[in-house]
Amino acid sequence: MTVYTRILGTGGYLPDRVVTNADLERTVDTSDAWIVERTGIRTRHVVAADETCCDLAEQAARRALSAAQLDPGDIDLIVVATTTPDQTFPSTACLLQQRLGIRGCPAFDVQAVCTGFVYALSIVDKFIRTGSARCALVVGAETISRILNWEDRGTSVLFGDGAGAVVVGAASAPGVVSTHLHADGAFKELLQVPAGIGNGGAGSPYMEMKGNEVFRMAVTILGRIVDEALEANGMARSELDWLVPHQANIRIIQATARKLNLPMERVVVTVGQHGNTSAASVPLAFDQAVRDGRIQRGQTVLMEAFGGGFTWGSILLRY
Ligand code: COA
């Protein structure tokens, strides 16, 4: 019997502190009008000084477990997608495992920046399909605020912190229909944090981005990956109930939807409330649309993302 990966529950968590565009006007040369017009972002959430990526991941994970009506003890695989782990090691997944009181099951992080959750869920799908796991916790969690230069208006206005999670289990019907992952390291200089272990911490510890070039790449890539997923499954665009795109910039999302002839009513958009939360953005948007009743059981959903690396990918699923 073919085994599929089915989403059993979703959860999301945003830290309490809200930073508005008006707040940013006081610290960098920007304006609410510019940020809203160019990005669609109005607010972003930022962690407190003593709050970590694992704290956010734990809240989202507990909410997803509760939605799935499962206990931590039911989980036999934990994967956390993050670019901003609490420590170099142990992985945030291991820290989360300890927080949830789970012992012995595999737990590891995935680093694919904003495509992290799509990578993580694709990997977990392989574990479930091959029988290596039966019930997994997949989390995208980020404290991107810690790698932002808050004096750089080109990046600081765009990002925020948060976490999104899903609990998935083995099922006899889809579930996840297809996954497509890609990367191309040739574009590494367009979006990066230069400092790292390999260069002894030299270089900037903050995100550097060539915004314009990333924008153009994103629109091209995102349109292409929707078509790739649909073609692989012999599906028409009209058969998609929902597109859940990476929440980076409303103009990128609108341009992708236009290119695909997809009405915005079928696109989940949350970027205005929390900005780009990197690996957390797709599961946060998905969770919100499930909880507010837009995404219904049996509907067809396409998740897609792109990010630093460059990395990009999609997941087509029947919810
Ligand atoms: N406030 C006010 N002005 C700003 C600004 C800000 N926060 N950031 C940049 N500007 C200025 C620029 O300096 C430039 O001024 P100039 O014309 O005097 O040189 C002007 O606005 C236009 O800059 P430009 O970069 O052409 O704007 P844009 O329309 O491309 O928008 C981004 C900039 C960053 C919003 C846009 O390029 C973008 O969203 N890129 C993709 C980023 C992204 O999604 N990254 C994550 C990928 S996972």
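Residues numbered from 1 in each chain as written. Predicted model: local features only at pLDDT ≥ 70, side-chain atom pairs only at ≥ 80, totals over all residues. Heavy atoms only, no water.

It is worth spelling out the UniProt feature "domain: Beta-ketoacyl-[acyl-carrier-protein] synthase III N-terminal" (unreviewed entry) in the protein chain at this point. Look at the UniProt record and you will see "domain: Beta-ketoacyl-[acyl-carrier-protein] synthase III N-terminal" (unreviewed entry) annotated at residues 108–185. Counted over residues 108–185, helix gives 23% and strand 37%. Its end C-alpha atoms are 22 Å apart. (UniProt positions renumbered as here; feature names shortened; annotations may be inferred. Helix = DSSP H or I, 4+ residues; strand = E, 2+ residues; numbered from the N terminus.)

Moving on to the sheet that holds strand 5 (residues 107–110). Across the sheet, which stays open at both edges, the five strands sit in the order 1-7-6-4-5 with mixed pairing between neighbours. This sheet does not close on itself; its edge strands, each paired only once, are strand 1 (4–13) and strand 5. Direction aside, the axes of adjacent strands within the sheet are offset by 20 degrees on average. Pairing of strand 4 (residues 77–81) with strand 5, which is carried by four bridges, proceeds in the parallel orientation. Pairing of Val79 across the sheet is with Phe108, part of strand 5. Against the sheet, helix 5 (residues 116–129) contacts strand 1, strand 4, strand 5, strand 6 (135–142) and strand 7 (162–171), and its axis sits at roughly 170 degrees relative to strand 6. The strands that helix 10 (residues 281–291) touches are strand 1, strand 6 and strand 7; relative to strand 1, the one it contacts most, it runs at about 90 degrees. (Pairing = 2+ DSSP bridges. Axes fitted to C-alpha atoms, helices over the stretch in contact; angles between N-to-C directions. Contact = heavy atoms within 4.5 Å.)

As a further point, take unusual backbone geometry. The phi angle of most residues is negative, glycine excepted, and most peptide bonds adopt the trans form. Across the junction of Phe89 and Pro90, the peptide omega takes the value 0 degrees, indicating a cis bond. Here Pro90 shows up in the loop between strand 4 and helix 4 (92–99). In this structure, Gln69 is a non-glycine residue whose phi angle is positive, near 55 degrees. Among the secondary structure elements, Gln69 is positioned in the loop between helix 3 (53–68) and strand 4. Looking at Gln69, the relative accessible area reads 73%, which means it is exposed. (Buried < 20%, exposed > 50% of the residue type's maximum accessible area, 1.4 Å probe, protein only.)

Time to look at the pattern of salt bridges. Applying the stated criterion across every chain, the model contains ten salt bridges. A salt bridge links Arg99 to Asp55, with the shortest nitrogen-to-oxygen separation between them at 2.9 Å. Of the two residues, Arg99 sits in helix 4 while Asp55 sits in helix 3, which places them 44 residues apart along the sequence. A cluster of three or more residues bridged by salt bridges with shared partners is formed by Asp55, Glu58, Arg62 and Arg99. (Salt bridge = Lys/Arg side-chain N within 4 Å of Asp/Glu carboxyl O.)

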